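Coordinate inspection notes
Below, each chain spelled out in residue letters.
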Amino acid sequence: MPPGITTLAADAPTLSAANTGFMLICTALVMLMTPGLAFFYGGMVRVKSTLNMLMMSFISLGIVTILWVLYGFSIAFGTDTGSLFGWDSDYAGFSGIGLTELWDGYTIPVYVFAAFQLMFAILTPALISGALADRVKFTAWALFIALWVSIVYFPVAHWVWGAGGWAFELGVIDFAGGTAVHINAGAAALGVILVIGKRVGFKKDPMRPHSLPLVMLGAGLLWFGWFGFNAGSWLGNDDGVGALMFVNTQVATAAAVLAWLAYEKIRHGAFTTLGAASGAVAGLVAITPAGGAVSPLGAIAVGAIAGVACAMAVGLKYKLGYDDSLDVVGVHLVGGVIGSLLIGFFATGGGQSDVAGLFYGGGLDQLWKQIAGVAGVLAYSLVASAVLALLIDKTIGMRVSEDVEVAGIDTAEHAESAYDFSGAGGGSAPRQVTTPAAPEGTAPATNTKVDA
């Protein structure tokens, strides 16, 4: 995605109403993913943390949008400086962008490209929030988002997608965000949770999802929005590559759902709705970098491998002792790594480029490039995110108090609760119901019932 504005030469691309309309729709679809993520995460936490989880995603829509307009777009897609970040004064504040000026080499306006990429920038820090459920101050989280996108996301987006960025110039393939979005967010999540520590009661108290229907709704919205996320990243619809990515998105996600459920049945003896939703997200994550380079059969392999690997990875937090509340590391970091590396094996050379992977006669060259991209983004995001979390923790404090965490973060941070049961059952005082006396010689059994 080279930066710059096209000239008005006779042979320059002209604005395409079809591609512009297509990209506006894709932009709206990607925007929908952040509320979808909020529902997905919101259903996975306990009742007392539901609103906080929703707000941790929604606040990103506000903060990142303003920063993107002020300087984020310029850092990510401006003229390269040292292969590390960009800058263009015309992009700062969107002050020098004309209505009909086109993104370099494409047939869509710069405004449309900037809006599309904005939605990626919004979603990425929201992904991190799932790892921090139940225990982070909302003000600290808002500050972390502002610092993190400025220091981590904007430069990393330039590395991967900006002309002159080191990963872009190296030839790392990342169609729609395996490194810049998912590995970036997953590594950041790991860095932060290593600083802030575990939830009260981790590995002791039950911390089951309070609303699996909400989780499934969120997963469905994510799946729907992901078609815009992936297919839209080709920035047009003229040569069939976006259509390939659309098909591969569906195929890989379906394979991952089935693979996760099969693993779950073998390992735990049941097919769960949480497993189906998590498998879908794992497949979507893994195909994001690879979908323009692999065939539909390759997409099946990518999805199936990711489904099993991510299902296995989510249990690592209990063995290794880090508290990743909603499995951001297990799904996004692991899924992003898998999808990025499998390009080195399954790239056909007949999709987004002529680069072929090992299984298609291309040797190991692309695999090494993918490894370099994965390692660079992972290491930088992990370290930088941990440092940011440590600085915030040592100044304003990152965590709520233990009392607030136990009582529920919603009421303390937002003065609200997700569900109001005060009018149910007539609002009468709790009443105790005692079962009939037990037969002589057995312990009496009582059951206290509280009207909701």
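This text follows the structure it describes.
Notes on the structure in this doc start here.

Reading guide: rules and limits
Counting from 1, residues in each chain are numbered in the order their sequence is written. Only residues with pLDDT of at least 70 are given local features in this predicted model, and only at 80 or more are side-chain atom pairs given and counted; all residues enter the totals for whole chains, interfaces and linings. As a rule here, side-chain values cover all heavy atoms of the structure and leave hydrogens and water aside. In these notes, a set of buried Ala, Val, Leu, Ile, Met, Phe, Trp, Tyr and Cys residues joined through side-chain atoms within 4.5 Å is what counts as a nonpolar core. Buried, partly exposed and exposed residues are distinguished by accessible area as a fraction of the type maximum, computed with a 1.4 Å probe on protein chains only: under 20%, between the cut-offs, and over 50%, respectively. Numbered from the N terminus, helices here are DSSP runs of H or I no shorter than four residues, and strands are runs of E no shorter than two. Should a side-chain nitrogen of Lys or Arg be within 4 Å of a carboxyl oxygen of Asp or Glu, the pair is scored as a salt bridge. By definition in these notes, contact holds between two residues if any of their heavy atoms fall within 4.5 Å. Definition of a polar contact: a pair of N or O atoms within 3.5 Å, with one able to donate and the other able to accept a hydrogen when the atoms are protein atoms, and with sequence-neighbouring residues admitted only if both atoms are side-chain atoms. Between the first and last residue of a helix there are one fewer steps than residues, each counted as 1.5 Å, and that sum is the expected span. Note that the bend at a residue is defined as the angle between axes fitted to the seven residues ending at it and the seven residues starting at it. Exposure above 30% relative accessible area and the lack of any salt bridge qualify a residue for a patch; like charges then connect within 9 Å, and the nonpolar side chains Val, Leu, Ile, Met, Phe, Trp and Tyr within 5 Å. In this description, accessible areas are obtained by the Shrake-Rupley approach with a 1.4 Å probe, and a residue is regarded as covered only by the protein chains that are shown. Planes of paired rings set the category: under 30 degrees apart is stacked, over 60 is edge-to-face and the rest tilted, where pairs are Phe, Tyr or Trp rings (Trp by its six-membered ring) whose centres lie within 6.5 Å.

Membership of the largest hydrophobic core comes to 103 residues, with the highest contact counts inside it found for Phe40, Trp68, Phe73, Leu132 and Tyr153. The dominant element in this core, judged by the number of residues it contributes, is helix 4 (residues 138–161), at 15 residues. In terms of nonpolar packing, the next biggest core, distinct from the first, is built from 15 residues, Ile287, Val294, Ile338 and Ile343 among them.

A separate point is the pattern of salt bridges. Overall, the coordinates contain six salt bridges when judged by the stated rule. Between glutamate 405 and arginine 399 there is a salt bridge, and its shortest N-O distance comes to 2.7 Å. Residue classification places glutamate 405 among the buried residues on the basis of a relative accessible area of 3%. Among the charged side chains, a network of salt bridges with common partners joins Arg46, Asp134, Arg199 and Asp323.

What follows is about unusual backbone geometry. Even without being glycine, aspartate 327 reaches a positive phi, approximately 65°. Tracing the sequence through the fold places aspartate 327 in the loop between helix 11 (316–320) and helix 12 (328–346).

Structurally, the position occupied by glycine 307 is in helix 10 (residues 296–313). Using a relative accessible area of 0% as the deciding quantity, one classes glycine 307 as buried. Each C-alpha atom, one on glycine 307 and one on serine 60, is 28 Å from the other, the two residues being 247 residues apart in sequence. If we ignore the near neighbours within four places in the chain, the residues touching glycine 307 are Ala256, Ala259 and Trp260.

Our next topic: the side chain of aspartate 323. Within the secondary structure layout, aspartate 323 lies in the loop between helix 11 and helix 12. Exposure remark for aspartate 323: the relative accessible area of 2% places this residue in the buried category. Among the polar contacts listed, one links the side chain of aspartate 323 to the backbone nitrogen of arginine 199, at a separation of 2.7 Å. In contact with aspartate 323, not counting residues within four places along its chain, are Ala131, Arg135, Ile193, Lys198, Arg199 and Phe202.

For helix 7 (residues 212–231), spanning 20 residues, the distance from its first C-alpha to its last is 29 Å, which sits close to the expected 28 Å at 1.5 Å a residue. At glycine 225, helix 7 shows its strongest bend, of approximately 30°.

Another aspect to go through is the environment of serine 150. Here serine 150 lies in helix 4. Since its relative accessible area comes to 18%, serine 150 is described here as buried. Sequence-wise, serine 150 and isoleucine 75 are 75 residues apart; in three dimensions their C-alpha atoms are separated by 8.6 Å. Those residues in contact with serine 150 that sit more than four places away from it in its chain are Leu67, Tyr71 and Pro155.

Before going further, it helps to examine a nonpolar patch on the surface. Taken together, the side chains of Leu358, Phe359, Tyr360, Leu364, Trp368 and Ile371 define a hydrophobic patch exposed on the protein surface, amounting to about 600 Å² of accessible area. As for its position among the elements, leucine 358 is in the loop between helix 12 and helix 13 (365–395). Residue classification places leucine 358 among the partly exposed residues on the basis of a relative accessible area of 33%.

Our focus in this paragraph is the packing of aromatic side chains. According to the stated counting rule, one finds 29 aromatic pairs in the structure shown. Residues phenylalanine 73 and phenylalanine 77 carry aromatic rings whose centres are separated by 5.8 Å and whose planes lie at 45° to one another, so their mutual orientation is tilted. Here phenylalanine 73 and its partner phenylalanine 77 are both found in helix 2 (residues 50–77), four residues apart, which amounts to about one turn of the helix. When the centroid spacing of 5.6 Å and the interplanar angle of 15° are considered together, the rings of phenylalanine 175 and tryptophan 234 count as stacked. Pair noted here: phenylalanine 175 is in the loop between helix 5 (166–170) and helix 6 (178–196) and tryptophan 234 is in the loop between helix 7 and helix 8 (241–268), with a separation of 59 residues, a long-range link. Residue classification places phenylalanine 175 among the buried residues on the basis of a relative accessible area of 4%. A relative accessible area of 25% means that tryptophan 234 is categorised as partly exposed. Counting every residue linked through ring pairs, the aromatic cluster contains Trp68, Tyr71, Phe73, Phe77, Tyr91, Phe94, Trp103, Tyr111, Phe113, Trp148, Tyr153 and Phe154.

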